[in-house]
Amino acid sequence: MTVTIVGSQLGDEGKGGVVDLYGDAADVVARYQGGDNAGHTVVHDGEKYKLSLVPSGAVRGKIGVLGNGCVVNPETLFDEIDTLRDRGLDPDVRVAERAHVILPYHRALDGIEEEEKEDLAAGTTKRGIGPTYEDKAGRRGVRVGDLLDPDTLRERLEYVVPQKKALAEEVFDKETGEAFDVDHLYDTYREYGERLAEEEMTVDCGTFLQERIDAGENVMLEGAQGTSLDIDHGVYPYVTSSNPTAGGATVGTGLGPTVVGDGEVIGIVKAYLSRVGTGPLPTELGGVEEQTPDYDADEGADADEEELATYIRDEGGEYGTVTGRPRRVGWLDMPMLRHAARANGFTGLAVNHIDVLAGLDEVKVGHSYEFDGEEIFTMPPTTEQWGRCEATFKTFEGWPDVDWAAVAEDGYEAIPENARTYLEYVSDELDAPVYAVGVGPGRGETVVVENPYE
Ligand code: IMP
């Protein structure tokens, strides 16, 4: 069977921990979208591993697959595999031949276009994700399978690279170097192709996964980013360029929708909201310069709110893993979650980070929005409309800070009562049971109510 893990908010919901936890029972962990814009830390045998492309299950001896819906930077892929090997592991990673390749000009153009966009910039990770998906949709991309076939690779590069070079030089007035040089790219990427072939890493993803399922194995489909960053269902244009929602799990792997629908779809919910990047955020607390629209650091927001935002940010470690820049934080946004529950068809929820909110006198949630004088319960379709929404809050009594490791051991009933009231509200509103509750950052600090593979 399959278990699909989907972020229900704006990324960074703690999906990695849940993948890690439930992944124990999986034989194969496959990613279905995104590329090295994701970031997860896995702790295994006391060692910390930081990965952005290789599925975390590969650290634990599972087969890790990058599905056809992913965009693959071979440089990152081999760096991560080599680092794992240097540290004594033997990761088994397979890559879909239909997946698209991130080339150096994609990265360069991601940076150049973000600079040009000003107010429309999504604050991308500058890994070339958007430009690679653009070329995929424009039918001028290079696929992993093309790296194994030098003539096709050459033909593709000769067609596309002059266009990219002209775009950078003539439209954006930038200098270009070897990232835009056909011969250099051909030599480098043919070598990557040779290595992929030598290590027998490429697969026909859908066939590979279906054979595993038919043999009775467990497959986990690991989404990156989150529903509100989905190119179709998110807060366009402040989104990533792929489909993190559950539909992406079928298109991005080649498994049929009935196969994915026969399994479980688990929505990962952070008990509050965090956001890297720009765009509206109706339940935001305080603000972060250069990310919160119209935020003036000198004026700031309400002083109590700023203090609360800083508290949650510090307790939750809400700072970018690579850049260290502060993330925007806010209360839980229920219209956002109702939208996610519908778009993904969640069969269960994992709610993370309830320990971060412990010790507050009260905890709020944005229960509904006031939108042009009306109360609405889900997100409106355009981001401009979303920007006009004002959250109507519901207040819960706070819960104490306790020995969370002991709670994880003792089970759901050991969670402080007010926190359980909060969890039950979320579960009722989304009409999906709570399968797991994250009570701390460590691998063992999760209360498991239900294991979807059992
Ligand atoms: P891109 O995916 O690099 O094109 O970035 C597009 C938007 O998605 C930006 O707002 C990023 O901050 C956001 N984003 C991309 N990956 C992640 C992630 O793994 N966690 C949180 N936000 C992300």
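First, a word on what this report is: a plain description of the structure on this page. Treat the numbers as computed from the prediction; the structure is a model and nothing was measured. (Residues numbered from 1 in each chain as written. Predicted model: local features only at pLDDT ≥ 70, side-chain atom pairs only at ≥ 80, totals over all residues. Heavy atoms only, no water.)

1. Some remarks on the overall build of the chain
Along the chain, the regular secondary structure elements total 15 helices and 21 strands. Relative to a compact globule of 454 residues, whose C-alpha radius of gyration would be 22 Å, the chain shows 22 Å and is just as compact. For the chain, the spread of C-alpha atoms along the three principal axes comes to 65 × 50 × 40 Å. Looking at the chain as a whole, 57% of its 454 residues are labelled buried. Counted over contacts in the chain with a minimum sequence separation of 6, partners at least 24 positions apart contribute 73%. (Helix = DSSP H or I, 4+ residues; strand = E, 2+ residues; numbered from the N terminus. Rg over C-alpha atoms; globule rule 2.2 N^0.38 Å. Buried < 20%, exposed > 50% of the residue type's maximum accessible area, 1.4 Å probe, protein only. Contact = heavy atoms within 4.5 Å.)

2. Section: the packing of aromatic side chains
Centre-to-centre distance and the angle between the planes together describe a pair of aromatic rings. Tallied over the entire structure, the rule returns six aromatic pairs. Between F396 and Y422, the aromatic rings sit 5.3 Å apart at their centres with planes inclined by 85 degrees, giving edge-to-face as the arrangement. Placement of F396 in strand β19 (residues 390-397) and of Y422 in helix α15 (residues 417-430) is noted, with a sequence separation of 26 residues between them. You can call F396 buried: its relative accessible area is 9%. Under the relative-accessibility criterion, Y422 is labelled buried at 1%. For the ring pair W399 and Y422, a centre distance of 5.2 Å and an interplane angle of 50 degrees mean the geometry is tilted. (Phe/Tyr/Trp six-rings, centres within 6.5 Å; stacked < 30°, edge-to-face > 60°.)

3. Quick word on the site of the ligand
Within the structure, the ligand sits among 15 residues, and D12, N37, A122, T125 and T240 are positioned closest to it. With respect to the ligand, the side chain of T125 contributes an N or O atom lying 2.6 Å from an oxygen atom. Isolated, the ligand exposes 470 Å² of accessible area, and the fraction of that covered by the protein chains is 94%. Of the residues contributing to the shell around the ligand, the split by class is seven nonpolar, six polar and two charged. Mapped onto the domain boundaries, the shell around the ligand takes at least three residues apiece from domain 1 (2-96 + 202-267) and domain 2 (101-196). (Near = heavy atom within 4 Å. Polar contact = N/O pair within 3.5 Å; in protein donor to acceptor, adjacent residues only side chain to side chain. Areas by Shrake-Rupley, 256 points an atom, 1.4 Å probe, with all protein chains shown as cover. Nonpolar A, V, L, I, M, F, W, Y, C, P; charged D, E, K, R; others polar. Domains from an automatic or database assignment.)

4. Observations regarding helix α2 (residues 74-86)
An α-helix turns once per 3.6 residues; consequently, residues spaced three or four apart project the same way. Here α2 spans 18 Å end to end across 13 residues, near enough to the 18 Å set by a 1.5 Å rise per residue. For α2, the N-terminal capping position is held by N73, with its side-chain oxygen 3.0 Å away from the main-chain nitrogen of E75. Remark: G88 follows α2 within two positions and exhibits a positive phi of approximately 90 degrees. (Expected span 1.5 Å × (residues − 1).)

5. Structural notes on the pairing of strand β5 (residues 63-66)
Consecutive side chains along a regular strand alternate between the two faces of the sheet. Along β5, one buried face is formed by I63 and V65 and the opposite face, lined by G64 and L66, is buried too. Across four bridges, the pairing between strand β2 (residues 28-31) and β5 is parallel. When the sheet's bridge partners are listed, A30 is paired in β5 with V65. With four bridges connecting them, β5 and strand β7 (residues 92-96) associate as parallel partners. Pairing of V65 across the sheet is with R94, part of β7. (Pairing = 2+ DSSP bridges.)

6. Quick look at helix α3 (residues 104-117)
Along its 14 residues, α3 runs 20 Å from first to last C-alpha, staying within 8% of the 20 Å computed at 1.5 Å per residue. Residues of α3 that are buried: Y105, H106, L109, D110, G111, I112, E113 and E114. The elements touched by buried residues of α3 are β8 (100-101), α4 (129-137), α6 (150-171) and α7 (182-198). Looking one or two places after α3, you find E118, whose phi comes out positive at around 50 degrees.

7. Focus: the pairing of strand β4 (residues 47-51)
As defined by bridge partners, strand β3 (residues 40-44) adjoins β4 across five bridges and the pair is classed as antiparallel. Across the sheet, residue V42 finds its bridge partner in β4, namely Y49. Where β3 folds back on β4, the antiparallel hairpin that results is connected by two residues, among which D45 adopts a positive phi of roughly 50 degrees.

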